Amino acid sequence: MNTLTKATALTATLFVGAIFGFFYAYVCSAMWGLDVVDPRVAIPAMQGINNVVRNAAFFPAFFLTPVLLLAAGLLFRGQGDGGPAAWFVAAALAYFFGGLVLTAAVNVPMNNALGELSVPENLEEARAIWEAYSPRWQLYNLLRTVASGVALLLAAIGLLKA
């Protein structure tokens, strides 16, 4: 394995691990925390998170992960090393469809819709908004977390096969 292939494969694995951790943090802490506070606090907190999440720290792991995973697969294939190549291509597909596409199709539109709302002063109105948002958002976040975890495992297997 040449240096470019090694660096690409390691960077791709690091990035998929980072995005898996990002999604996982919502599964095991962030959303549970927001679910136990007053929804008049949870709604603006989530709006604030959604307003700042698209940033220079988030961009590489979210958007470049499938590119790097695929690049690693192609580099392995170009060297005639089909074993690791298949694992990295499978990882790229798992994250692309289960992480990036799912996020764009479900979580982002939900976040945008929540972002357009004014937080009601009435507790019951705010609770109704949060209860319509949080469980569905968490289900789809869990799915993208699992997809990212699978992609991480596939990339790790690819590294072991290299």
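Residues numbered from 1 in each chain as written. Predicted model: local features only at pLDDT ≥ 70, side-chain atom pairs only at ≥ 80, totals over all residues. Heavy atoms only, no water.

Draft legend 1. Focus on the overall build of the chain. Along its length, the chain carries five helices and zero strands. Referenced to the eigenvectors of the C-alpha coordinate spread, the extents of the chain come out at roughly 65 × 25 × 20 Å. Here the chain holds 162 residues, and 38% of them are scored as buried. Pairs at least 24 residues apart make up 84% of the contacts formed inside the chain by residues separated by at least 6 positions. (Helix = DSSP H or I, 4+ residues; strand = E, 2+ residues; numbered from the N terminus. Buried < 20%, exposed > 50% of the residue type's maximum accessible area, 1.4 Å probe, protein only. Contact = heavy atoms within 4.5 Å.)

Draft legend 2. Inspection of the layout of surface pockets at higher detail. Reported here for the largest pocket is a volume of approximately 240 Å³. Surrounding the largest pocket, 16 residues form its lining, Val53, Phe58, Thr103, Val108 and Asn111 being those nearest its centre. Looking at which element gives the most residues to the lining of the largest pocket, the answer is helix α4 (residues 82-115), with five residues. In terms of residue class, the lining of the largest pocket is made up of 11 nonpolar, three polar and two charged. (1 Å grid on protein atoms, 1.4 Å probe; cavity = no way out; pocket = protein on both sides within 12 Å on 5 of 7 lines; lining within 4 Å. Points joined across faces, edges and corners; volume = space filled by probe spheres on them. Nonpolar A, V, L, I, M, F, W, Y, C, P; charged D, E, K, R; others polar.)

Draft legend 3. Looking closely at the nonpolar core. Ranked by size, the top nonpolar core spans 22 residues in total, and within it Ile19, Phe62, Leu69, Phe88 and Tyr95 carry the most contacts. Broken down by secondary-structure element, the contributors of at least two residues to this core are α1 (3-36), α3 (58-78), α4 and α5 (123-161). Per-element tally for this core: the top contributor is α4, with seven residues. Ala42, Ile43, Met110 and Leu114 belong to the second-largest nonpolar core, a separate cluster that totals 14 residues. (Core = buried A, V, L, I, M, F, W, Y, C linked by side-chain atoms within 4.5 Å.)

Draft legend 4. Quick look at the environment of Leu34. If you trace the backbone, Leu34 turns up in helix α1. Here the alpha-carbon distance between Leu34 and Gly98, two residues 64 residues apart in the chain, equals 24 Å. Residue contacts for Leu34: discarding those within four places in its chain leaves Ala42, Ala45, Met46, Ile49 and Trp130.

Draft legend 5. Region of interest: α1. Along its 34 residues, α1 runs 49 Å from first to last C-alpha, staying within 8% of the 50 Å computed at 1.5 Å per residue. Maximum bend of α1: about 50°, positioned at Tyr26. When α1 is considered as a whole, its buried residues turn out to be Thr5, Thr8, Ala9, Ala12, Thr13, Phe15, Val16, Ile19, Phe23, Tyr26, Met31 and Leu34. Packed against the buried residues of α1 are α2 (39-52), α3, α4 and α5. (Expected span 1.5 Å × (residues − 1). Bend = angle between axes of the 7 residues up to and from the residue.)

Draft legend 6. Highlighting the environment of Leu142. Summarising the element assignment, Leu142 is placed in helix α5. By relative accessible area, Leu142 is classed as partly exposed at 40%. Sequence separation between Leu142 and Gly33 is 109 residues; the distance between their C-alpha atoms is 16 Å.

Draft legend 7. Representation of the packing of aromatic side chains within the structure. According to the stated counting rule, one finds 13 aromatic pairs in the structure shown. A centroid spacing of 4.7 Å and a plane angle of 90° characterise the contact between Phe62 and Phe63, whose relative ring orientation is edge-to-face. Note on Phe96 and Phe97: the rings are 5.0 Å apart at their centroids and 85° apart in plane angle, and the pair reads as edge-to-face. Assessed through its relative accessible area of 33%, Phe96 is described here as partly exposed. Members of the aromatic cluster, connected to one another through ring pairs, are Phe22, Phe23, Tyr26, Phe58, Phe59, Phe62, Phe63, Tyr95, Trp130, Tyr133 and Trp137. (Phe/Tyr/Trp six-rings, centres within 6.5 Å; stacked < 30°, edge-to-face > 60°.)

Draft legend 8. Local environment of the packing of α1 against α5. At a minimum axis distance of 8 Å, the contact between α1 and α5 shows a crossing angle of 155°. Accordingly, the angle class assigned to the pair α1 and α5 is roughly antiparallel. Our pair here, α1 against α5, has a crossing hand that is left-handed. (Axes fitted to C-alpha atoms, helices over the stretch in contact; angles between N-to-C directions. Parallel < 35°, antiparallel > 145°, perpendicular 65-115°, else oblique. Left-handed = near helix turned anticlockwise from the far one by under 90°.)

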